[in-house]
Each structure stands twice: as C-alpha cells, then as structure tokens.
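Fold and geometry: a report
Each chain, letter by letter, is given below.
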Amino acid sequence: MTPDGADLEAAARLFRALATPSRLRLLCLLGEGQATVSQLVERSGLSQPLVSQHLRILRETGLVTLTRSGREAVHALADTHVGHIVADAVAHAAEPRSASGEVRGAAPEQRSSA
C-alpha cells in the first residue's frame, strides 16, 4: 500500500526536523532518558538558547514531549519509534560503503535494500 499525500508530507516534516546534527544529538541524549534543558545543555555542549530552540522544533513535530513539574520542565522522546528512527539513521550512516555505494561485507540480498 502506497502512503497518501498527507502521510508523506508528515514524514517529510519529520525528516526535516531530524536534518541537523544538533537535533540528532539531543534525541540521542533523550534516548538515554528524560532530561531538563540544563541537563541537555551540559551533556550536549550546546548553548541554552540553541537547545531550547531545537527542543521547540522537536516538540512541534511530535518527536519530543514536555512535562512540567513545578518550575522544572522535563523533556523525553515521544515514543520508542523516535529512538529507533535515530538509531537506525546513525547506524546506516556509519556503515562502511564502497565507491559504488554498496555496504561493504553485506550479502547480495542486503545490498539492494541498504
């Protein structure tokens, strides 16, 4: 079944949100557990305004949730799919490739889908 236009547009928005290394870093950190902005600033090495801006975009695209407890705001991955998307993308990018783009050491049936 081919996805409809609305589903494809939603997927494209998701990929745009994932299109920066800083956002991927934040999602990887949140994959280790929920965190406050201050914790993410410390662990990511990014500035507080930049972390906040990236988190806003990630919340708007439904990748991250925000829970408030008093004055503290805690961010978390929206669901396990988000962690899988990021982990799969990073693993795929890290695979060694030949000059033709094939994954080195992959079985022939894996090469066409890699």
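Structure first, text after, so check above.
Residues numbered from 1 in each chain as written. Predicted model: local features only at pLDDT ≥ 70, side-chain atom pairs only at ≥ 80, totals over all residues. Heavy atoms only, no water.

What to know about the overall build of the protein
Definition in use: Put simply, DSSP marks the helices as runs of H or I at least four residues long and the strands as runs of E at least two long, and each gets a number from the N terminus on. Classification of residues uses two cut-offs on accessible area relative to the type maximum, computed with a 1.4 Å probe and protein chains only: under 20% is buried, over 50% is exposed, and between them is partly exposed. Two residues qualify as a contact provided that any one of their heavy atoms is within 4.5 Å of a heavy atom in the partner residue. Exposure was quantified through the Shrake-Rupley algorithm and a 1.4 Å probe, taking into account, for residues, occlusion by the shown protein chains and nothing else.
Counting its regular elements, the protein contains six helices and three strands. Across the protein, helices and strands are ordered from the amino to the carboxyl terminus as α-α-β-α-α-β-β-α-α. Taken over 114 residues, the protein has a buried fraction of 27%. In the protein, the share of contacts with a sequence separation of at least 24, taken over all contacts with a separation of at least 6, comes to 41%. Counting only carbon and sulfur atoms, one obtains 53% of the accessible surface of the protein, whose full area is about 7,500 Å².

Some remarks on the side chain of histidine 54
Its location among the elements puts histidine 54 in helix H4 (residues 48–60). Histidine 54 sits in the buried class, given a relative accessible area of 7%. Setting aside residues no more than four positions away along its own chain, histidine 54 makes contact with Thr20, Ser22, Arg23 and Leu26.

Describing the pairing of strand E2 (residues 64–69)
Side-chain direction in a regular strand flips from residue to residue, so the side chains alternate between the two faces of the sheet. Rules: Strands are treated as partners if at least two bridges between them are detected by DSSP.
The sheet contact formed by E2 and strand E3 (residues 72–77) spans six bridges and is antiparallel. Bridge pairing in E3 places leucine 66 opposite histidine 75. The hairpin formed by E2 and E3 contains two residues between the paired strands, and glycine 70 there has a positive phi angle of roughly 65 degrees.

Examining the sheet that holds E3
Neighbouring strands of a sheet are bound in pairs by backbone hydrogen bonds; such pairs are parallel or else antiparallel. What counts here: Interaxial angles span 0 to 180 degrees and are taken between N-to-C directions of axes, which are lines fitted to C-alpha atoms, for helices over the stretch in contact.
Spatially, three strands are ordered E1-E3-E2 in an open sheet, and the strand pairing comes out antiparallel. A strand with exactly one partner marks an edge of an open sheet, and here the two such strands are strand E1 (35–36) and E2. Across two bridges, the pairing between E1 and E3 is antiparallel. Within E3, the residue paired with threonine 36 across the bridge is valine 74. In the packing of H4 onto the sheet, contacts are made with E2 and E3, and the angle to E2 comes to roughly 110 degrees.

A short note on the pattern of salt bridges
Test applied: Any carboxyl oxygen of Asp or Glu within 4 Å of a side-chain nitrogen of Lys or Arg constitutes a salt bridge here.
Counting across every chain of the model gives four salt bridges. In this structure, arginine 13 and glutamate 9 form a salt bridge, with 3.8 Å as the shortest nitrogen-oxygen distance. Remark: glutamate 9 and arginine 13 occur in helix H1 (residues 5–17); sequence separation between them is four residues, near one turn of the helix. A salt bridge links glutamate 32 to arginine 43; the nearest nitrogen and oxygen atoms lie 2.8 Å apart. Of this pair, glutamate 32 sits in the loop between helix H2 (21–31) and E1 while arginine 43 sits in helix H3 (residues 37–44), placing them eleven residues apart in sequence. Look at glutamate 32 and you get exposed, because its relative accessible area is 62%. Residues joined by salt bridges that share partners form a network here, namely Glu9, Arg13 and Arg16.

Looking at the nonpolar core
Which entries qualify depends on this criterion: Within this scheme, the nonpolar core is defined by two criteria: the residues are buried Ala, Val, Leu, Ile, Met, Phe, Trp, Tyr or Cys, and they are joined through side-chain atoms within 4.5 Å.
If you look at the biggest cluster of nonpolar residues, it comprises 20 residues, and the most contacted ones within it are Leu27, Leu30, Leu40, Val51, Leu55, Leu63 and Val64. Not counting residues up to four positions away in its chain, the partners in contact with leucine 27 are Leu18, Leu58, Leu63, Val64, Leu77, Val82 and Val86.

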